[in-house]
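# Structural features, examined
Chain by chain, the residues run as shown.
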Amino acid sequence: MDFETVARAFAELEETSSRKAMTETLLRLLQHTSVELLPPVVLLLQGKIAPNYEGIELNMGAQLAARAIADAAAAPVPMVEERLQKLGDLGLVARDLLETQRASEAGGGTSSSPRLRVDDVFAALIEIAEATGRGSVQWKVDLLADLLRRATALEATFIVRTVTGNLRLGVGDATLLEALALAFGGGPEARPVLERAYNLTSDLPGVAVRVASGGIAAAAAVEITLGKPVRPMLAERLDSPEEILDAMGGHCAAEYKYDGERFQAHLGPGLAAIFSRRQENITHQFPDLVEALRVAIPRPAIVEGEAVALDPVSGALRPFQDLLRRKRKSVDADILAQYPVVAFLFDLLYLDGEDRTEDPNEVRREALEALVRPGEQVQLATRRVVTAVAELKRFFDEAIAEGSEGLICKQIGPGTGYRAGKRGYQWVKYKRDIHGQLTDSLDLVIVAAFYGRGRRAGTYGSFLLAVYNVESDTFETLTRCGAGLTDADLARLPERLRPSLLDHRHPRVSALIEPDVWFAPSQVFEVIGQELSLSPRHTCAFGVLEPERGLSLRFPRFTGRIRSDKAPEDATSTAEVIEMYRQQFAHR
DNA sequence: ACTGCCTGCCC
DNA sequence: ATTCTGC
DNA sequence: GCAGAATGGGCAGGCAGT
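Residues numbered from 1 in each chain as written. Chains lettered and ligands numbered in written order. Predicted model: local features only at pLDDT ≥ 70, side-chain atom pairs only at ≥ 80, totals over all residues. Heavy atoms only, no water.

### Here we look at the pattern of salt bridges
Tallied over the full model, the rule gives 46 salt bridges. Across the pair Asp2 and Arg115 runs a salt bridge whose closest N-O atoms are separated by 3.5 Å. A residue pair is termed long-range when its members are at least 10 positions apart, and Asp2 in the segment before helix H1 (3-15) and Arg115 in the loop between helix H6 (90-105) and helix H7 (118-130) qualify at 113 residues. Residue classification places Asp2 among the partly exposed residues on the basis of a relative accessible area of 26%. The class of Arg115 is exposed, set by a relative accessible area of 59%. Across the salt bridge formed by Asp433 and Arg237, the nearest N and O atoms sit 3.3 Å from each other. One end of the pair, Asp433, is in the loop between strand E11 (423-431) and strand E12 (442-451); the other, Arg237, is in strand E1 (residues 234-237), with 196 residues separating them in the sequence. Arg237 sits in the partly exposed class, given a relative accessible area of 26%. Members of the salt-bridge network, linked through shared partners, are Lys257, Asp259, Glu405, Lys431, Glu531 and Arg554. (Salt bridge = Lys/Arg side-chain N within 4 Å of Asp/Glu carboxyl O. Helix = DSSP H or I, 4+ residues; strand = E, 2+ residues; numbered from the N terminus. Buried < 20%, exposed > 50% of the residue type's maximum accessible area, 1.4 Å probe, protein only.)

Next up, the structure:
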């Protein structure tokens, strides 16, 4: 199969917004794909080269792709960057530059190289992924540049986007499953069957091959397998206990929401694997946990929990940032001692060869409690069934006091099986955003901006925001912010900010980050976030709490309010943010 | 040997 | 992670 | 409400340049 066929379908998908029409396009593509080619085609549609749990990475992103585009189109890298600023998409830059180059060369030898096949492209991507060691960065760039030279401008667009992990077709797993159901399952009725097969195995190319060669029956026969990660059930968010109990039907099981890393452990004879929320195999990060889980869970099982960092001295729970120290390739005895972790288990998906995902929530929890022999490193998530708003509030306060983020509230009763791969209101997270003594939001000064990508091409994508340091009369950066901005906001902001545009950093602004454009401090954004963290990149209170570190905001977003009533000097101050940071630990 | 840049992946 | 938008 | 695409902070690890 020519890659051009895939690229044409991609282009059609990109231009379509109707989901129905997109599914039709996908259907046609899939029907023209042989079973042998189905895995690469499905993976390319997912923008991947392997399922997540296989751990194959390109280790090539936008910067290296830009170099390859420059090579292939015989253009200087700055020209690539200049086009990127305008187009907001490296794939479009590749198309643009290659078209220009080829138009100018058209008179010369029109030796059209042989067409790229899907296999060629896929094999080249795998080769890029496999390149490591000295000289490998340049080798990756060379491989991609070669591929782009052999590609049409349209093909290059999607090759580049695949490499940068940003396909932007409007096609996700759900749309692909719908199309697979139509193509090989006999109709839309097959979708739930395929969805289930995917959610239980995290292996979309595998599901595609199964249904294409064995029909719907083969897909229906898919089962949970030890060693293959199940796609996790996810929670929606609500902000008040009233809404939550309402959504839950008056009662729910509330569990502490620990601020760590969610994991799924697969334990069986001769097998112990731990997967992350996105199905990455992270077994190597937690050798101690693997051993503790083996001891605590003596039977074949799949359990889910949260791994949380501990203070090695006091044993108290530590913030998420501490856990990140564990995210490494090799975890030796020093790291184990320095960054101990504890697991809080909260679900059971599989036990003694049996799929337990259809069991109601409370049945799974009871089975988990009966199964696990808790120890120092393996415990059960604190849980309480609540039936009243006041009770839920009290439990929430307890959770915060004990160092967790809040609660996950779970529906109980008939029909509350584990909905693998779904985000819904069967589980609801309840957590609090930052709130200081004086305000429950932050008023931050826009000091710079970054050009937008994708749908934000041609306007700003995010802003660099600062607090006001009263003593030094300077503006210190606290965070970038791009979430919460509507299309309307983004449409009018450039005009509003134009009078403040500067060539260089304003002398009263202190920043370590290099943005695309600078502004004289003038506009004030109202922003919320979950909590303040120590930051190596932001200058707010730099060096005050820790050497070489300032403060930043976790999960920042714009509230929609521009404080035109406030001057930059009326923004939240450095001192206030320091006080807020200290306040975070007051109730722990 | 040190440092900065880039990437991947947690949240 | 959170948020916005088109269907 | 779903699905997808925008956007955030921050850590380790690998490579390249010095």
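On we go from here.
### Section: the domain arrangement of chain A
Considered domain by domain, chain A is made up of domain 1 (3-163), domain 2 (173-220), domain 3 (234-431) and domain 4 (442-586). Taken together, the 4 residues of domain 2 in the interface contact 5 residues of domain 3. Interface area lost by domain 2 to domain 3 is led by Asn199, Leu200 and Ser202, which between them contribute 78%. Scanning the region where domain 2 abuts domain 3 turns up 1 salt bridge. One can count 2 residue pairs in polar contact (both at pLDDT 80 or more) joining domain 2 with domain 3. Here the residues of the side of domain 2 that touches domain 3 are counted per class, giving 1 nonpolar, 2 polar and 1 charged. (Domains from an automatic or database assignment. Contact = heavy atoms within 4.5 Å. Buried area = accessible area lost by both parts, 1.4 Å probe. Polar contact = N/O pair within 3.5 Å; in protein donor to acceptor, adjacent residues only side chain to side chain. Nonpolar A, V, L, I, M, F, W, Y, C, P; charged D, E, K, R; others polar.)

### Focus: the pairing of strand E13 (residues 460-469)
Within E13, 10 of the 10 residues are buried, which leaves it mostly tucked inside the rest of the structure. One ladder, built from 6 bridges, connects E12 with E13; its direction is antiparallel. When the sheet's bridge partners are listed, Ala448 is paired in E13 with Leu464. Pairing of E13 with strand E14 (residues 474-481) involves 7 bridges; the strand directions are antiparallel. When the bridges of E14 are listed, Ala466 appears paired with Thr477. The antiparallel pairing of E13 with E14 creates a hairpin that spans 4 residues between the two strands, and Asp473 there sits at a positive phi of about 55 degrees. (Pairing = 2+ DSSP bridges.)

### As for unusual backbone geometry
Although it is not a glycine, Ser202 sits at a positive phi angle of roughly 60 degrees. With respect to the element layout, Ser202 can be found in the loop between helix H11 (191-201) and helix H12 (204-220). Classification of Ser202 as buried rests on a relative accessible area of 7%. At Gln279, a residue that is not glycine, the phi angle is positive and equals roughly 70 degrees. The residue Gln279 is located in the loop between strand E4 (271-276) and helix H14 (287-296) in this model.

### Observations regarding the protein's contact with DNA strand C
Taken together, 15 residues lie around DNA strand C, and Ser17, Arg237, Lys431, Asp487 and Arg557 are the ones closest in. Among all atoms of DNA strand C positioned within 4 Å of the protein, those belonging to sugar or phosphate total 97%. At a separation of 3.2 Å, a phosphate oxygen of DNA strand C approaches a polar side-chain atom of Lys429. Here a phosphate oxygen of DNA strand C and a side-chain polar atom of Arg557 are 2.7 Å apart. When the residues that make up the surface near DNA strand C are grouped by side-chain class, the tally is 3 nonpolar, 3 polar and 9 charged. (Near = heavy atom within 4 Å.)

### Thoughts on the protein's contact with DNA strand D
If you check the shell around DNA strand D, you find 46 residues, and the closest are Gly133, Gly170, Gly172, Thr175 and Ser535. In the model, a phosphate oxygen of DNA strand D is placed 2.3 Å from a nitrogen or oxygen of the Gly172 main chain. With respect to DNA strand D, the backbone of Arg455 contributes an N or O atom lying 3.2 Å from a phosphate oxygen. Mapped onto the surface near DNA strand D, the elements with two or more residues apiece are helix H8 (136-150), helix H10 (173-184), helix H15 (320-323), E13, E14, strand E19 (531-535) and strand E20 (550-554).

### Here we look at the environment of Arg356
Along the chain, Arg356 falls in the loop between strand E7 (354-355) and helix H17 (361-371). Separated by 113 residues in the primary sequence, Arg356 and Glu243 place their C-alpha atoms 29 Å from one another. Not counting residues up to four positions away in its chain, the partners in contact with Arg356 are Leu348, Leu349, Tyr350, Leu351, Val363, Arg364 and Ala367.

### Section: the state of the cysteines
Under the definition given, this model contains 0 disulfides. Cysteine Cys252 remains unbridged, with the sulfur of Cys409 as its closest cysteine sulfur at 4.3 Å. A disulfide-free cysteine, Cys481 has its sulfur positioned 15 Å from the sulfur of Cys540, the nearest such atom. Residue class for Cys481 comes out buried when judged on its relative accessible area of 1%. (Disulfide = S-S within 2.5 Å.)

### Section: helix H20 (residues 574-583)
Turn by turn, an α-helix covers 3.6 residues, leaving residues three or four places apart pointing in a common direction. For H20, the set of buried residues is Thr574, Val577, Ile578, Met580 and Tyr581. Mapping the buried residues of H20 onto a view down its axis gives an arc of 160 degrees, with all of them on the same face. Elements in contact with the buried residues of H20: E12, E13, E14, E19 and E20. (Arc of directions from axis to C-beta.)

### Overview of the packing of helix H4 (residues 62-72) against H8
With their axes 8 Å apart at the nearest point, H4 and H8 run at an angle of 50 degrees to one another. Here H4 lies oblique to H8, going by the angle between them. For H4 against H8, the interelement crossing comes out right-handed. Seen from H4, the contacting residues are Leu64, Ala65, Arg67, Ala68, Ile69, Asp71 and Ala72; seen from H8, they are Val137, Gln138, Val141, Asp142, Leu144, Ala145, Leu148 and Arg149. Looking at the contact of H4 with H8, its residues break down into 10 nonpolar, 1 polar and 4 charged. (Axes fitted to C-alpha atoms, helices over the stretch in contact; angles between N-to-C directions. Parallel < 35°, antiparallel > 145°, perpendicular 65-115°, else oblique. Left-handed = near helix turned anticlockwise from the far one by under 90°.)

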